[in-house]
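# Architecture at a glance
One letter stands for each residue in the lines below.
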Amino acid sequence: MEKNIRLQDLEIEEKGLTGKLSKTLKKNVVPIIFLVLCLLGYIFAQMPFVFLLNEIIIRLARNSFLVISLIIPVIAGMGLNFGIVLGAMAGQIALIIISNSSISGIWGFLLAVAISTPIAIVFGYLTGIVLNKAIGKEMITSMILGFFANGLYQLVFLVLAGPIIPIKNKSLLLSTGIGVKNSVDLANIKYALDDLIKIKPYPGLSIPIFTIFIVGILCLVLTFFFKTKLGQDMRAAGQSIQIAKVSGINVGKTRIIATIISTVLAAWGQLIFLQNIGTLNTYGSHEQVGLFAVASLLVGGASVTKATFSQALLGTFLFHMLFIISPFAGQNLMNNSQIGEFFRVFVAYGVIGIALALHAWQRKGE
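If you're wondering where the values come from, they're calculated on a predicted model, not measured in any experiment. Within each chain, residues carry numbers counting from 1 in the order of the written sequence. Reporting in this predicted model follows two pLDDT cut-offs: at least 70 for local features of residues, and 80 or more for side-chain atom pairs to be given and counted; totals over whole chains, interfaces and linings ignore these cut-offs and use all residues. Processing note: side-chain calculations cover all non-hydrogen atoms of the structure and skip hydrogens and water entirely.

In this section: the pattern of salt bridges. Basic side-chain nitrogens of Lys or Arg form a salt bridge, by our definition, when they fall within 4 Å of a carboxyl oxygen of Asp or Glu. Taken as a whole, this structure holds four salt bridges when the rule is applied. Put simply, Glu55 and Arg59 hold a salt bridge, and the shortest N to O gap is 4.0 Å. With Glu55 and Arg59 both in helix α3 (residues 49–68) and four residues apart, the pair spans about one turn of that helix. For the exposure calls, accessible area comes from a 1.4 Å probe over protein chains only, and a residue counts as buried if that area is under 20% of its type's maximum, exposed if over 50%, partly exposed in between. Classification of Glu55 by relative accessible area gives partly exposed; the value is 22%. The partner of Lys198 in a salt bridge is Asp195, and the shortest N-O contact between them spans 3.1 Å. The class of Asp195 is partly exposed, set by a relative accessible area of 44%. Secondary structure follows DSSP: runs of H or I at least 4 residues long count as helices, runs of E at least 2 residues long count as strands, and numbering of each begins at the N terminus.

A separate point is the environment of Ile272. Tracing the backbone shows Ile272 in helix α11 (residues 251–277). Exposure remark for Ile272: the relative accessible area of 4% places this residue in the buried category. Ignoring anything within four residues of it in the chain, the contact list for Ile272 reads Ala61, Arg62, Phe65, Phe109, Leu193, Thr211 and Ile214. When checking whether two residues touch, look at their non-hydrogen atoms; a contact exists if any pair is within 4.5 Å.

Below, the discussion takes up the nonpolar core. Definition used in this section: a nonpolar core is a set of buried Ala, Val, Leu, Ile, Met, Phe, Trp, Tyr and Cys residues joined via side-chain atoms within 4.5 Å. Core analysis: the largest hydrophobic core is formed by 66 residues, its most contacted members being Ile68, Ile71, Leu80, Leu95, Leu222, Phe226 and Leu297. Every residue in contact with Leu95, bar those within four places of it in the chain, is listed here: Ala112, Leu186, Ile189, Leu271 and Leu274. By size, the runner-up hydrophobic cluster in this structure holds 18 residues, among which are Phe34, Ala45, Val299 and Ala329.

Next up on the list: a nonpolar patch on the surface. Together, Leu25, Ile32, Val36, Leu40, Ile43, Phe44, Leu333 and Met334 make up a nonpolar patch on the protein surface, roughly 750 Å² of accessible area in all. With five residues, helix α2 (residues 29–45) is the largest single contributor of residues to the nonpolar patch. Residue placement: Phe44 occurs in helix α2. The class for Phe44 is partly exposed, based on a relative accessible area of 38%. Only residues whose relative accessible area exceeds 30% and that take part in no salt bridge are eligible for patches, with like-charged residues grouped when within 9 Å of each other and nonpolar side chains (Val, Leu, Ile, Met, Phe, Trp, Tyr) grouped when within 5 Å. In short, Shrake-Rupley with a 1.4 Å probe defines the accessible areas, and a residue's cover is counted only from the protein chains shown.

Viewed as axis vectors pointing N to C, α3 and helix α8 (residues 209–225) meet at an angle of 30°, and their least axial separation amounts to 9 Å. Taken together, the axes of α3 and α8 lie roughly parallel to each other. Note on packing geometry: the crossing formed by α3 with α8 is left-handed. Contact residues: α3 offers Ile57, Ala61, Ser64, Phe65 and Ile68, while α8 offers Thr211, Ile212, Ile214, Val215, Leu218, Cys219 and Leu222. Note on method: axes are straight lines fitted to C-alpha atoms, helices fitted across the in-contact stretch only, with angles between N-to-C directions ranging 0 to 180 degrees. An angle below 35 degrees is treated as roughly parallel, one above 145 as roughly antiparallel, one from 65 to 115 as roughly perpendicular, and anything else as oblique. Crossing handedness is defined as follows: a turn of the near helix away from the far one that is anticlockwise and smaller than a right angle gives a left-handed crossing, while the clockwise case is right-handed.

The next point concerns the packing of α3 against α11. Taken N-terminus to C-terminus, the directions of α3 and α11 make an angle of 160°; their axes are 6 Å apart at the nearest point. The orientation of α3 with respect to α11, classified from their angle, is roughly antiparallel. In the crossing of α3 with α11, the sense of the turn from one axis to the other is left-handed. Listed contacts from α11 to Ile58, Ala61, Arg62, Asn63, Phe65 and Leu66 of α3 are Leu265, Ala266, Trp268, Gly269, Gln270, Ile272, Phe273, Asn276 and Ile277.

Looking now at the packing of aromatic side chains. Remark: the centre distance and the inter-plane angle together describe each pair of aromatic rings, the angle taken between the planes. Note on aromatic pairs: the rings of Phe, Tyr and Trp (six-membered ring only in Trp) are paired at centre separations within 6.5 Å, and the planes decide the class, stacked below 30 degrees, edge-to-face beyond 60, tilted for the rest. Under the counting rule described, the total for this entry stands at seven aromatic pairs. Considering the side-chain rings of Phe292 and Phe323, the 5.4 Å spacing of their centres and the 80° angle between planes classify their relative orientation as edge-to-face. A residue pair is termed long-range when its members are at least 10 positions apart, and Phe292 in helix α12 (residues 289–299) and Phe323 in helix α13 (residues 309–334) qualify at 31 residues. Exposure remark for Phe292: the relative accessible area of 26% places this residue in the partly exposed category. Seen from their ring centres, Phe319 and Phe323 are 4.9 Å apart, and the 35° between their planes marks the pair as tilted. With a gap of four residues between them, Phe319 and Phe323 both fall in helix α13, about one helical turn apart. An aromatic cluster of three or more residues is present, and its members are Phe292, Phe319 and Phe323. Residue placement shows Arg235 over the ring face of Phe226; its charged tip is 5.1 Å from the ring centre. Over a ring means this: the NZ of a Lys or the CZ of an Arg is within 6 Å of the ring centre and within 35 degrees of the ring normal.

From the geometry alone we can't say anything about function, so treat these as descriptive.
See the structure below:
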């Protein structure tokens, strides 16, 4: 009798472990798939480990801030905010202003932060108002808003800059004197943040400690923020708008604040990104920001309703590792690095569709 009871207990325990393992695998299927792709890609790429590690560290430092800016709207129940493109535009407007004034170094970078913040607040406020009118359709609405804002942005810097908006630094203008150049040299603030504290523990390896520290501080601040009254209101609104309203929460105001914070963080994130790149593609740098940040977050295992800092960092790591190794793998496999370029563009667009489909499958199985 005791033996039968023990066997039954073991069977129940085994089923419980199998169920937990199955649930864990199902929950993390997206990052697992990309981890396997990265491992296979690294094998075929045949690239030096130190080079890969250095590139990964640099990309983590310069991209993580942008990806983390997506977390607040997700928690507030607004889905993936493709509208962070507007925040990126705010950052770029600030960079053009300081380049026009020839302000350089860390003070130029801090001035860009100061200039971009009120611009991003206005953009975030207007975006929040629109998204409150499109509850349930925030993602597609924020994407269309990005396209609309891009048109206005091009109007300002391609048509009005020069004849109407005074530009004293003529090197910024096209030869006709109308419109800002497609490429603006940011040598005045290049590595302004990265070089504050940087260590080189090994030849070919450079670690921007201060930039990584800033990303860590952001995670700590947001962790504390989510424990505040406003943070809890955002969580409540994300879980159920109706229950949040019954609880006395001003859902509309809360969602607008979430959008503003996300847009401001995106503006700062774009500044961190561009000070590392050292060149501003005036009419293109902001276009892929929302797409790549959303893809990175989804690769880490996040969904349209749930996202964490660990998922943001893991997704940034996996997504950009695949970006680094794919051209090398394409060159070695097909003798054509362009294959790798095509593959990573496919990944950028495809991962969003795949992740959303898997998320729908996971919810159906719950």
